[in-house]
Each structure stands twice: as structure tokens, then as C-alpha cells.
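Structural overview
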Amino acid sequence: MSQELIQAGQNLPAFAQRAGLPAGVNAGAVAIEVERAVAEAKGQMQLAKMFPRDLNGAYAELMEACKLPALAGVAFYSVPQGGQKVTGPSIRLAEEIARVYGNFEFGHRELSRIEAGPGPREFGRSEIEVYAWDKQTNNRSIRQITVLHVLDTKEGPRKLRDQKDIDNKIANVASKQSRGRILAMMPKWMVEAAIEECKKTLAGNNQEPLSVRARKMTQAFATYGVTTEHLERYLGHKLDEILLDELADLTGVFNALKDGTPASEFFGAEEPQSTGKSAAEDLASEAKAGAAAAAQRQPRQSRQRAEPEKPAEQEKAPESKEPEKNSSPVEEQNAAAPEGGAQPEEQAEAGDVF
């Protein structure tokens, strides 16, 4: 390659013709860029050989990272596809595995771009290359894809003309493709170990039952209009019976909702509407309503038990008069109390029930 570049410097038109470069392209700049890329790749591979990775150290560091709730909470994804549900490790988990693995490079590059035409269906597009490279073994996984400068909306596709919107669309598509390229290069045992450790973290190292963590998760789902009934219908049973794999699945669903997937894709044809209350608040409201209903029934039960104990001569209401001044405080309280009121013993019995 170096000898060819030297000859190219002496005869740039012939080099441009052999390389298939279009007319008007600076063949000298291309030759210099190729030489720089080759030298950079050789240098990185030499460094990887001089400082090889430590698999035991990488595994230990990965296990420690998977114990963090911040990573475990975004370690899975779930998307509807073809009437079914596709789940797996997310790009965030793949990036963490690549980071601790060492001597590994991944990313994407834009090869070409065509601007949008004047017609409504003449969309712009970019040719990008997504790659993952193990520098120590010189293994590569590459995929070239075309990204249309289009944003799908309910009204139909909308052209993207702003540079920031186009870059965000390319980065979003490339990140999803990078996940597959990274996982294809990583040792399968390390990926499976990371998945299991993240599931254990989601199960909770704080001795909380899975059902309690599921109830807490409903508060986060409530912001997207997903209620407890939606989650239980999705699982097929009560939240108290949730399993570890199902908790990880719900985490992936929540991450999909954060990324913009409609809740109706998971919980039915009609998109759930937000109630503004969490599942815990609903349970508290039901408990308060039950206690209030019981409190209203109790005075009637006390009067029914107290009425038979009244003497016959008290059936007629006595004329109202002021109590004597020399009466005791207890007698004044009895005189002020309504006729047939609950006795202290009966009030104590009511307190024992509720």
C-alpha cells in the first residue's frame, strides 16, 4: 500500500483513475488521507499487542458496573415488531461491555449525503457505515445502511432539512445498529453474565420483594398513562405474582416508552390515558373510602344497642331546663349528651374493631 501511494504521488492522475475517483477530486489529498489512515490503524494494533486485555479484570469490572441501578435500569429494551415483542440487551449495556473489554473501537461514519429534492417524495439520504473493531485480534464487523432524512409522523413522513435534526436521525439509527455490531464481537459468556447480573440488580439487593419494586414501577408508568390494570393485563396476572424476568421485561417496555414508542403498542389498541394518580395513591384512596363508610355505620349500631337499655319513663322527652349549679361535672356532661348516645364501653369496642 505504501509503495502504491509513493507511486501515486509521482503520478496522481493515474492513481485517481485506478482508484475510481470522480473527476474534480483532489487525488493528492486522497492519497495523503489513505496513508494517514493506514499508519493510524497499524499504530493502534501495535499498542493493542503491547498492552493486551485482561479478561478477568474486565469481567470483574463489568460485574461491578451491572450492580449499579443506573446501568441495570437501562440495560434492556423491548419493541413491538410484527405483532410480537422483541427484547434484549440495550445499546447502553453493549457500550459498557465494550468499554471494560478494552482494545475495542466502535462507531459510525457518514460516507455520502444527498440533499432533498423539490418534490414531496424526493427525500434526502445519507450513506453511513457502522463498525466494531477488535484491535487485538483485528476482527471487524461492518454494516453499511441508508438513512433517509425523514421523520415519521401521524400525518405521514416529514422531510428533515435542519442540520441538527438530520444528525440526530443518523445518530439514532446508527446507535441501534452499533448494538448488533458490538454484541457480535463480544464473548457470549460475558454478555450472558452481564444480563443475569443486571436482572439480579433489578430484583433488588435491598431485600425488597419483587412485588414491592413492581408497585414502585407503576408510579413511573403512570406518567405515560399506564395504570396498574394495564400492567396486570400485559403480564397476565397480578403484580404481586411478578417474576424476575417479567420485571426486566417491564423495564425494557418503560425504556421504549421513554424513547417515544406509543403505549398502545404494548397495552392495547386504545392508548392509555393518564389518571394523574399512582397505584399507591389509588390504594390509599380505596382504604380511606372504606374507613369512612365503616365510621358512618358505627354510630347507628351503637344507638341500636343503647336504646333497649333506656328506662320506660324516659321515653318522653323531658322539658329542657338548666342544670343545677351544685351538680357535678359528670352530671353536667350526662345532661348535655344527646339522648341514646353511645356509652364509653361501646366506644371502646368500636375502637378495637377499626
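We now turn to the structure provided with this report. Every value quoted in this text rests on a predicted model; they were computed, and no experiment measured them. (Residues numbered from 1 in each chain as written. Predicted model: local features only at pLDDT ≥ 70, side-chain atom pairs only at ≥ 80, totals over all residues. Heavy atoms only, no water.)

**Digging into the overall build of the protein chain**
Scanning the protein chain for helices and strands turns up 15 helices and 7 strands. Split into buried and exposed, the 354 residues of the protein chain put 34% on the buried side. Within the protein chain, residue pairs in contact and separated by at least 24 positions form 62% of the contacts whose partners lie at least 6 positions apart. Total accessible area on the protein chain stands at roughly 22700 Å², and carbon and sulfur atoms take up 52% of it. (Helix = DSSP H or I, 4+ residues; strand = E, 2+ residues; numbered from the N terminus. Buried < 20%, exposed > 50% of the residue type's maximum accessible area, 1.4 Å probe, protein only. Contact = heavy atoms within 4.5 Å. Areas by Shrake-Rupley, 256 points an atom, 1.4 Å probe, with all protein chains shown as cover.)

**Some remarks on the packing of aromatic side chains**
By the definition in use, this model includes 7 aromatic pairs. Residues Y101 and F104 carry aromatic rings whose centres are separated by 6.3 Å and whose planes lie at 75° to one another, so their mutual orientation is edge-to-face. Across this residue pair, the class does not change: Y101 and F104 are buried. With 6.3 Å between their ring centres and 85° between their planes, F221 and F267 make a pair best called edge-to-face. One end of the pair, F221, is in helix 9 (residues 210-222); the other, F267, is in helix 12 (residues 264-267), and 46 residues separate them in sequence. (Phe/Tyr/Trp six-rings, centres within 6.5 Å; stacked < 30°, edge-to-face > 60°.)

**Overview of the pairing of strand 7 (residues 156-159)**
One ladder, built from 4 bridges, connects strand 6 (residues 150-153) with strand 7; its direction is antiparallel. Its bridge partner being in strand 7, V150 is matched across the sheet by K159. Two successive antiparallel strands, strand 6 and strand 7, enclose a turn made up of 2 residues. (Pairing = 2+ DSSP bridges.)

**Topic: the side chain of R179**
With respect to the secondary-structure elements, R179 resides in helix 7 (residues 163-185). One buried charged residue, R179, remains without a salt bridge, the closest side chain of opposite sign being D259 at 7.9 Å. Beyond its immediate chain neighbours, meaning those up to four positions away, R179 contacts Y77, P89, S90, I91 and A94. (Lys, Arg positive; Asp, Glu negative; His and termini not counted. Salt bridge = Lys/Arg side-chain N within 4 Å of Asp/Glu carboxyl O.)

**A few points about the nonpolar core**
Ranked by size, the top nonpolar core spans 48 residues in total, and within it L62, L93, I97, F104, F221, L250 and F267 carry the most contacts. Contacts of I97, omitting those with residues within four sequence positions, involve L62, M186, M190, V191 and A194. (Core = buried A, V, L, I, M, F, W, Y, C linked by side-chain atoms within 4.5 Å.)

**Comments concerning a nonpolar patch on the surface**
Judged by side-chain polarity, L47, M50 and F51 come together as a nonpolar surface patch covering roughly 360 Å² of accessible area. Positionally, M50 belongs in helix 3 (residues 27-50). On the basis of relative accessible area, M50 is assigned to the exposed category, the value being 56%. (Patch = residues over 30% accessible without salt bridge, like charges linked within 9 Å, V, L, I, M, F, W, Y side chains within 5 Å.)

**Focus: helix 8 (residues 188-203)**
Because an α-helix completes one turn every 3.6 residues, residues spaced three or four positions apart along the sequence face the same direction. Between its terminal C-alpha atoms helix 8 stretches 23 Å, which fits the 22 Å expected from 16 residues at 1.5 Å a residue. Turning to helix 8, its buried residues are M190, V191, A193, A194, I195, E197, C198, K199, T201, L202 and A203. G204 lies just past helix 8 and shows a positive phi near 105°. (Expected span 1.5 Å × (residues − 1).)

**Observations concerning the pattern of salt bridges**
Summed over all chains, the structure comprises 13 salt bridges. A salt bridge links E40 to R36, with the shortest nitrogen-to-oxygen separation between them at 2.7 Å. With a gap of 4 residues between them, E40 and R36 both fall in helix 3, about one helical turn apart. Ionic pairing is found between R109 and E129, a salt bridge with its closest N-O pair at 2.4 Å. On the criterion of sequence distance, the pair formed by R109 in strand 3 (residues 104-114) and E129 in strand 4 (residues 125-134) is long-range, its members being 20 residues apart. You can call E129 buried: its relative accessible area is 11%. A single network of salt bridges, built from pairs that share partners, joins E61, E96 and R99.

**Some words on the packing of helix 4 (residues 55-66) against helix 6 (residues 91-101)**
Between helix 4 and helix 6, the shortest axis-to-axis distance is 8 Å and the interhelical angle comes to 145°. Here the hand of the crossing between helix 4 and helix 6 comes out right-handed. Together, L55, A58, E61, L62, A65 and C66 of helix 4 and L93, E96, I97, R99, V100 and Y101 of helix 6 make up the contact between the two elements. Counted by class, the contact of helix 4 with helix 6 contains 9 nonpolar, no polar and 3 charged residues. (Axes fitted to C-alpha atoms, helices over the stretch in contact; angles between N-to-C directions. Left-handed = near helix turned anticlockwise from the far one by under 90°. Nonpolar A, V, L, I, M, F, W, Y, C, P; charged D, E, K, R; others polar.)

**A few points about unusual backbone geometry**
Of note, the phi angle at N103 is positive, near 55°, even though the residue is not glycine. Counting through the fold element by element, N103 comes out in the loop between helix 6 and strand 3. Judged by relative accessible area, which is 22%, N103 ranks as partly exposed. In this structure, N138 takes a positive phi of about 60° despite not being glycine.

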